[in-house]
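Chain by chain, the residues run as shown.
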Amino acid sequence: MNCRSEVLEVTVEARQVEEAMLALLHTILLHRSTGKFHYKKEGTYSIGTVGTLDIDCDFIDFTFVRVSSEELDRVIRKAVSEFKDALSNSGSDGMGQISLEFYQKKKSRWPFSDECIPWEVWSIKVNVVNLANEQERQICREKVGEKLGEKVINVVEVINRHEYLPKMPTQSEVDNVFDTSLKDVQPYLYKITFQITDSLGTSVSTTMRRLIKDTLAL
């Protein structure tokens, strides 16, 4: 099985990191979650509904939709908060990457642990810029909102392709495909990781500043 890999890239100021990452990660998980499975007998089941919420960002002109599960939101927020803090500790300008990997388990014989086989990985590259004044921040607020809208459309287009998904499991195998630990939603098994690099590339910083200055000149 080949693992699909998708890369998204965003440029934000430090106060926008958390909202931008939540918007993208929640968008992906919205499309990679189902309602809870209710098994009647082996091979026969019904699927519960998935509630959604509209979330308005404070520092970006953007509204995104997420699964209404507060449990799932807490897990995502914790990972994003750790990523944001690591970026912040790297300096005022920084670059990092947060990845959302979906996988399925393959049972191994005792005494070996189960094998985790990734089937889709989303990597979000984040460039953090330092802006000079409130006017630049307002323009960045609008531009980042526009870019996030483009990224969300891109995510939906990718997910709507007819590509590999783990087959619906029987009751005895459901934990090999889905995270069943949440009471109100059932995402595919996933893990979130991140890494931080030393400094922001000058080309990225220059591009954002040029975008802001061009807007100021209009």
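Residues numbered from 1 in each chain as written. Predicted model: local features only at pLDDT ≥ 70, side-chain atom pairs only at ≥ 80, totals over all residues. Heavy atoms only, no water.

(A) A look at the overall build of the chain. When helices and strands are counted, the chain shows four helices and 10 strands. Listed by position from the N terminus, the elements making up the chain come as β-α-β-β-β-β-β-α-β-β-α-β-β-α. Taken over 218 residues, the chain has a buried fraction of 43%. Intrachain contacts of the chain at a sequence separation of at least 6 include 73% that bridge at least 24 residues. Approximately 11800 Å² of the chain is accessible, and the part contributed by carbon and sulfur atoms is 48%. (Helix = DSSP H or I, 4+ residues; strand = E, 2+ residues; numbered from the N terminus. Buried < 20%, exposed > 50% of the residue type's maximum accessible area, 1.4 Å probe, protein only. Contact = heavy atoms within 4.5 Å. Areas by Shrake-Rupley, 256 points an atom, 1.4 Å probe, with all protein chains shown as cover.)

(B) Broad picture of the side chain of Gln-16. Note on placement: Gln-16 falls in the loop between strand 1 (4-13) and helix 1 (17-31). We classify Gln-16 as buried; its relative accessible area is 0%. In contact with Gln-16, other than residues within four places in its own chain, are Phe-59, Ile-60, Cys-140, Arg-141 and Val-144.

(C) Just the side chain of His-26, in detail. Along the chain, the position of His-26 falls in helix 1. Apart from residues no more than four positions distant in its own chain, His-26 is found in contact with Phe-64, Val-65, Arg-66, Asp-73 and Ile-76.

(D) Structural context of the pattern of salt bridges. Within the structure shown, the criterion is met by 17 salt bridges. Between Lys-191 and Glu-101 there is a salt bridge, with the nearest N and O atoms lying 3.8 Å from each other. Of this pair, Lys-191 sits in strand 10 (residues 190-197) while Glu-101 sits in strand 7 (residues 94-106), placing them 90 residues apart in sequence. The exposure class of Lys-191 is partly exposed, given its relative accessible area of 41%. (Salt bridge = Lys/Arg side-chain N within 4 Å of Asp/Glu carboxyl O.)

(E) Looking closely at the confidence of the model for the chain. The predicted model of the chain averages 88 in pLDDT, with 88% of residues at 70 or higher. Throughout residues 200-205 the model reports pLDDT below 50, and contacts reaching past four residues in sequence, or to other chains, amount to 12 contacts. (pLDDT = per-residue confidence, 0-100.)

(F) Fine view of the environment of Val-144. Here Val-144 shows up in helix 3 (residues 134-159). Here Val-144 falls in the buried class, since its relative accessible area comes to 3%. Separated by 83 residues in sequence, Val-144 and Asp-61 place their C-alpha atoms 7.6 Å apart. Setting aside residues up to four positions removed in sequence, Val-144 forms contacts with Thr-11, Val-12, Gln-16 and Ile-60.

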